[in-house]
Amino acid sequence: MLLKAESSKLLSPNGALEKKKMMMMAIPNIIPILPLTPLPSLRINPSVASSSPHSSCKCFSSPFRCKNSHRNSGVSYPNSVADGVLMDIQNSGIIACLRAQSAEVAIEAARAALRGGVSVLEITMSTPGVFEALQCLVQEYPSASIGVGTVLDRRSAKDALRLGAKFLMSPAMVKGILDDVAGGQALYIPGAMTPTEILSAFDAGARIIKVYPVAALGGVEYVAAIKKPFPHIPMVASQGITLDSLRQYIGKGASSVVLSDAIFDKKAMAQQDFVLINKLATYAAIKGNEAVSCIRAD
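Per chain, residue numbering runs from 1 following the sequence as it is written. Where local features are concerned, this predicted model is filtered to residues with pLDDT of at least 70; where side-chain atom pairs are given and counted, the filter is 80 or more; whole-chain, interface and lining totals use all residues. With hydrogens and water set aside, each side-chain value is computed from the structure's full complement of heavy atoms.

Asks: Would you mind going over the pairing of strand β2 (residues 120–124) in detail, with residue names and values included?
Replies: Note on exposure labels: buried denotes an accessible area under 20% of the residue type's maximum, exposed denotes more than 50%, and partly exposed covers the range between, all computed with a 1.4 Å probe on protein chains only. Secondary structure elements follow DSSP: runs of H or I no shorter than four residues count as helices, runs of E no shorter than two count as strands, and numbering proceeds from the N terminus. When you tally the buried positions in β2, you get five out of five residues, the bulk of the element. Residues Val120, Glu122 and Thr124 line one face of β2 and the alternating positions Leu121 and Ile123 line the opposite face, and both faces are buried. Viewed along the sheet, the connection from strand β1 (residues 94–98) through helix α5 (residues 103–115) into β2 turns out right-handed. Strand direction decides the pairing type here: β2 and strand β3 (residues 145–149), joined by five bridges, are parallel. From the neighbouring strand, Val120 faces β3, where its bridge partner is Ser145. The parallel pair β2 and β3, bridged by helix α6 (residues 130–140), forms a crossover whose chirality is right-handed. Look down the strands so they point away from you; if the path from the first strand over the helix to the second goes clockwise, the crossover is right-handed. Following DSSP output, two strands are said to pair if at least two bridges run between them.

Structure (structure tokens):
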């Protein structure tokens, strides 16, 4: 009888509202937080090892990926590394951008984000020991799309590629990098600001363009305006984007957005609060998937 009474209360209009509130309050407690293992001392080989303890891992992907994402995406079955990264970017809607004070902190923060559901991770060149962190992470998460950002010269690009980067990102177009990845071994995402720069990068062979610095250019409205003459050019919005504005950018035509502080919160990074970073990454992955799914449903 008690169960009947409780059930009828939940089915009433007010009861339904109470049920929703209870579910929302429970979300922080049901997000899976895996234990973070301590980081061993780094001993980096000059070249990437052909195998690793994690090489037998199954495909690493976000548990929040849209069920119809492969059917609706531009690339149904990736034929190259570049195809796979482009698919991950378009399906997830987010690129997590990591800047850290050391390779050790970068690795732990990246682990927290990847465990939270992030499938595309960028480590910036400004991170001390960026290549050590890159080599460690590509071995631990061989199926994740892990790359290097703020690449300003061809030599850095080649070093990153040699150590396993699946994509390279720049704030501007760096000559020669497109030639280095012409075989599809990695995806290059050059930065552009003006219509001329965007079209020039696309005509040169870039498959997706980073619109940077988007917030300074007008934010969501700039993306909406720039997509009108270039509806065929995939774009990533970068700089100053929050979790609250993510859906607006996707809705106005961005294929994905770069999230930095929204996932790798400055205070959390300073305090090495990797549990909080894990939760922020989980929330960002959910928001990105919702935004992409909403657009594809229209």
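Asks: Lay out empty space enclosed by the protein in plain terms, naming residues and giving numbers.
Replies: Residues are called lining when one of their atoms sits within 4 Å of a cavity or pocket point, these points coming from a 1 Å grid over the protein atoms alone, where a cavity is a set in which a 1.4 Å probe fits but cannot get out and a pocket is an open set with protein on both sides within 12 Å along at least five of seven lines. Grid points are joined across faces, edges and corners, and a volume is the space filled by probe spheres set on the points. Across all of its chains, the model carries two cavities of 30 Å³ or more by this definition. Together, Leu243, Leu246, Arg247, Lys287, Glu290 and Ala291 line the second largest cavity. Elements with a contribution of two residues or more to the lining of the second largest cavity: α12 (246–251) and α14 (274–297). Here the lining of the second largest cavity takes three residues from α14, the largest share from any one element. We call Asp, Glu, Lys and Arg charged. Ala, Val, Leu, Ile, Met, Phe, Trp, Tyr, Cys and Pro are nonpolar, and the rest, Gly among them, are polar. Partitioning the lining of the second largest cavity into residue classes produces three nonpolar, no polar and three charged.

Asks: Run through the layout of surface pockets, naming residues and quoting values.
Replies: In this model, the largest pocket occupies a volume close to 320 Å³. Arg99, Tyr212, Ser238, Gln239 and Ser260 are the residues nearest the centre of the largest pocket, which is lined by 19 residues in total. Those elements that provide at least two residues to the lining of the largest pocket are β2 and β9 (256–259). Partitioned by chemical class, the residues of the lining of the largest pocket number eight nonpolar, seven polar and four charged.

Asks: I'd love a proper account of the nonpolar core, names of residues and values included.
Replies: Judged by nonpolar contacts, the single largest core of 71 residues is most densely connected at Leu259 and Phe264. Here this core takes nine residues from α5, the largest share from any one element. What we call a nonpolar core is a set of buried Ala, Val, Leu, Ile, Met, Phe, Trp, Tyr and Cys residues that are connected through their side-chain atoms within 4.5 Å. Ala82, Leu86, Cys97 and Ile189 belong to the second-largest nonpolar core, a separate cluster that totals 14 residues.

Asks: Any chance you could break down the side chain of Lys210 for me, citing the residues and the numbers?
Replies: In this fold, Lys210 is placed in strand β7 (residues 209–211). Here the positive residues are Lys and Arg and the negative ones are Asp and Glu; neither His nor the chain ends is included. When a carboxyl oxygen of Asp or Glu is within 4 Å of a side-chain nitrogen of Lys or Arg, the pair counts as a salt bridge. Lacking a salt bridge, the buried Lys210 has Glu122 as its closest oppositely charged neighbour, with an N-O distance of 5.3 Å. It only takes one pair of heavy atoms within 4.5 Å for two residues to be counted as in contact. What Lys210 contacts, discounting residues up to four positions off in sequence, is Met169, Ser170, Pro171, Ile189, Pro190, Gly191, Ala192, Val236 and Ser238.

Asks: Can you lay out the pairing of β1 for me, pointing to particular residues and giving the numbers?
Replies: The buried fraction of β1 amounts to five of the five residues, a majority that puts the element mostly inside the structure. Here β1 pairs with β9 via three bridges, running parallel. Bridge assignment links Ile94 to a residue of β9, and that residue is Val257.

Asks: Go over the packing of α5 against α14 with me, naming the residues and quoting the values.
Replies: Packing of α5 against α14 brings their axes to within 7 Å, and their N-to-C directions diverge by 40°. It follows that α5 is oblique to α14 by the angle criterion. The two elements α5 and α14 meet at a crossing, and its hand is right-handed. For the pair α5 and α14, contact is made by Val105, Glu108, Ala109, Ala112, Ala113 and Arg115 and by Phe274, Ile277, Asn278 and Ala281, respectively. For the contact of α5 with α14, a count of residues per class yields seven nonpolar, one polar and two charged. Angles run from 0 to 180 degrees between N-to-C directions of axes, and those axes are lines fitted to C-alpha atoms, restricted for helices to the stretch in contact. Any angle from 65 to 115 degrees is called roughly perpendicular, while one under 35 is roughly parallel, one over 145 is roughly antiparallel, and all others are oblique. A clockwise turn of the near helix away from the far one marks a right-handed crossing, whereas an anticlockwise turn of less than a right angle marks a left-handed crossing.

Asks: With reference to specific residues and values, describe the packing of aromatic side chains.
Replies: Pairing of aromatic rings covers Phe, Tyr and the six-membered ring of Trp, with a centre-to-centre limit of 6.5 Å; geometry is then stacked below 30 degrees between planes, edge-to-face above 60, and tilted otherwise. Per the counting criterion, the structure on display carries zero aromatic pairs. Above the ring of Tyr212, the side-chain terminus of Lys210 is found at 4.9 Å from the ring centroid. Whether a charge lies above a ring is judged from NZ of Lys or CZ of Arg, which has to be within 6 Å of the ring centre and within 35 degrees of the ring normal.

Asks: Which residues make up unusual backbone geometry, and what values go with them?
Replies: The omega angle of the peptide bond from Tyr212 to Pro213 is -5°, so this bond is cis rather than trans. For Thr150, which is not glycine, the phi torsion reads 55° and is therefore positive. Its identity is not glycine, yet Gln272 carries a phi of approximately 55°, on the positive side. In this fold, Gln272 is placed in the loop between α13 (266–271) and α14. For Gln272, a relative accessible area of 43% gives the class partly exposed.

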